[in-house]
Amino acid sequence: MPSNDARTLLHAAVPTLATGAVGAVVSGVVAGGKGVIGAVLGAVVVVLFMGLGMLVLQRTAKSLPHLFQAMGLMLYTAQLLLLFFVMSLLKNTTLFDFKAFGFTLLAATIVWVTAQARHYMKAKILYVDPASGDTAGAAKSGSAA
């Protein structure tokens, strides 16, 4: 994994896991042990879904860079639909508190997306490779004479 992607993953996963920890504490106070299990599971699901999504986008960017933006939008939509599907499957479970799971999953998703967007806005990532350009051609293109 390139260092920019690893940094993005780190800058998104750490606040998300911290949100999961806060959710686990709050859920533990409100719903007891089953609330803690639900909150931890919610945070883990978000980190897994969004982390795997980043890996898929990284591979897409390498092999099909012209499809990167469309793939990102499609992947994000698919992740949200898959999260709703997982929530509908686990709706009637008695293994953990579903409300704690749902609220932590929602909070962790919002934190992940916000942290990822913040990191991309602050990152200084080159979008043009300065070493790959033809310097002679670049000098000609700037003047008409």
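Just so you know, these numbers come straight off a predicted model, no measurement behind them.

Draft legend 1. The arrangement of the UniProt feature "transmembrane region" (unreviewed entry) in the protein in detail. Mapped onto this numbering, the UniProt entry gives "transmembrane region" (unreviewed entry) at residues 12-30, 36-57, 69-90 and 96-115. Across residues 12-30, helical content stands at 100% and strand content at 0%; the span's end C-alpha atoms are separated by 27 Å. The straight-line gap between the two end C-alpha atoms of residues 69-90 is 32 Å; of that span, 95% is helix and 0% is strand.

Draft legend 2. How the structure looks around the nonpolar core. Within the largest apolar cluster, 15 residues are counted, with the highest numbers of intra-cluster contacts made by Val45, Val46, Phe49, Leu83, Phe101, Leu105 and Trp112. Residue assignment for this core shows that the elements contributing at least two residues are helix H1 (3-31), helix H2 (33-63), helix H3 (68-89) and helix H4 (98-122). Not counting residues up to four positions away in its chain, the partners in contact with Val45 are Leu83, Phe101 and Leu105.

Draft legend 3. Main features of the layout of surface pockets. Roughly 210 Å³ of volume is contained in the second largest pocket. Taken together, the elements giving at least two residues each to the lining of the second largest pocket come down to H3 and H4. If you tally residues by element for the lining of the second largest pocket, the top one is H4, at seven residues. For the lining of the second largest pocket, the per-class residue count stands at eight nonpolar, two polar and one charged.

Thresholds, definitions, all that
- Residues numbered from 1 in each chain as written.
- Predicted model: local features only at pLDDT ≥ 70, side-chain atom pairs only at ≥ 80, totals over all residues.
- Heavy atoms only, no water.
- UniProt positions renumbered as here; feature names shortened; annotations may be inferred.
- Helix = DSSP H or I, 4+ residues; strand = E, 2+ residues; numbered from the N terminus.
- Core = buried A, V, L, I, M, F, W, Y, C linked by side-chain atoms within 4.5 Å.
- Buried < 20%, exposed > 50% of the residue type's maximum accessible area, 1.4 Å probe, protein only.
- Contact = heavy atoms within 4.5 Å.
- 1 Å grid on protein atoms, 1.4 Å probe; cavity = no way out; pocket = protein on both sides within 12 Å on 5 of 7 lines; lining within 4 Å.
- Points joined across faces, edges and corners; volume = space filled by probe spheres on them.
- Nonpolar A, V, L, I, M, F, W, Y, C, P; charged D, E, K, R; others polar.

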